[in-house]
Amino acid sequence: MSLDTILAAGQAVAAAHTAVAQVINAALFYGPGVLALTAAVAAFRACAWAADRYHQLLQDRADRRIYTARAFRLCRVADNANAVMANPTDDLNEYLDNKLAATPDLANEGEER
């Protein structure tokens with residue numbers, strides 16, 4: 001145990017002692033009603049903080065699921081592209097020409113025919 005650890009522990013004990021002394025002084029000066037109100041506000045804030053943390057945890061989990069699903073889809077696209085690119089050049093050109101021929105012409109979508 002180093003000297004810094006002992007000094008830090010002493011400072012923590014002094015801070016806790018000061019906080020307890022302040023609570024006792026407030027109770028004697030303001031009465032128990034203000035202390036009860038302060039405790040209620042502190043409890044409300046602690047519960048609100050916990051709810052925010054839980055909501056953030058759920059949002060992070062949902063984001064991870066979306067990211068994982070997107071990464072999986074991108075890997076499948078890359079695998080399909082690798083499989084297509086593994087074809088000989090003539091077969092690849094024929095494959096792409098067939099895809100182009102099967103694609104509807106969307107350039108004239110808004111024009112009257």
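For the structure, check the block above.
Calculation notes
Residues numbered from 1 in each chain as written. Predicted model: local features only at pLDDT ≥ 70, side-chain atom pairs only at ≥ 80, totals over all residues. Heavy atoms only, no water. Helix = DSSP H or I, 4+ residues; strand = E, 2+ residues; numbered from the N terminus. Rg over C-alpha atoms; globule rule 2.2 N^0.38 Å. Phe/Tyr/Trp six-rings, centres within 6.5 Å; stacked < 30°, edge-to-face > 60°. Buried < 20%, exposed > 50% of the residue type's maximum accessible area, 1.4 Å probe, protein only. Patch = residues over 30% accessible without salt bridge, like charges linked within 9 Å, V, L, I, M, F, W, Y side chains within 5 Å. Areas by Shrake-Rupley, 256 points an atom, 1.4 Å probe, with all protein chains shown as cover. Salt bridge = Lys/Arg side-chain N within 4 Å of Asp/Glu carboxyl O. Expected span 1.5 Å × (residues − 1). Lys, Arg positive; Asp, Glu negative; His and termini not counted. Charge placed at Lys NZ, Arg CZ, Asp CG, Glu CD. Axes fitted to C-alpha atoms, helices over the stretch in contact; angles between N-to-C directions. Parallel < 35°, antiparallel > 145°, perpendicular 65-115°, else oblique. Contact = heavy atoms within 4.5 Å. Nonpolar A, V, L, I, M, F, W, Y, C, P; charged D, E, K, R; others polar.

Looking now at the overall build of the chain. For the chain, the helix and strand inventory stands at three helices and zero strands. Counted from the first residue to the last, the chain has its helices and strands arranged as α-α-α. The C-alpha atoms of the chain give a radius of gyration of 34 Å, which is well past the 13 Å a tight globule of 113 residues would have. With the C-alpha coordinates aligned to their principal axes, the bounding extent of the chain is approximately 90 × 50 × 15 Å.

Moving on, we get to the packing of aromatic side chains. By convention here, two paired aromatic rings are described through the distance between centres and the angle between planes. Inspection of the entire model under this criterion finds one aromatic pair. Relative to Tyr30, the ring of Phe29 has its centre 4.8 Å away and its plane inclined at 90°; by these criteria the two rings are edge-to-face. Phe29 gets classed as exposed once you look at its relative accessible area, which sits at 65%.

Time to look at a nonpolar patch on the surface. There is a patch of nonpolar side chains on the surface, built from Met1, Leu3, Ile6 and Leu7 and spanning about 500 Å² of accessible area. For Leu7, a relative accessible area of 48% translates into the label partly exposed.

Below, the discussion takes up helix 1 (residues 3-30). Compared with the 40 Å implied by 1.5 Å per residue over 28 residues, the 40 Å span of helix 1 between its first and last C-alpha is a close match. Downstream of helix 1 by one or two residues, Gly31 has phi in the positive range, about 100°.

It is worth spelling out a negative patch on the surface at this point. On the surface, a cluster of negative charge is contributed by Asp90, Asp91, Glu94 and Asp97. Counting through the fold element by element, Glu94 comes out in helix 3 (residues 89-102).

Turning our eyes to something else, we now look at the packing of helix 1 against helix 2 (residues 32-85). It is at 7 Å that the axes of helix 1 and helix 2 come closest, and there the two elements cross at 130°. Comparing the axis directions of helix 1 and helix 2 gives the class oblique. Residues Val23, Ala26, Ala27 and Tyr30 of helix 1 pack against Pro32, Val34 and Leu35 of helix 2. When its residues are assigned to classes, the contact of helix 1 with helix 2 shows seven nonpolar, no polar and no charged.

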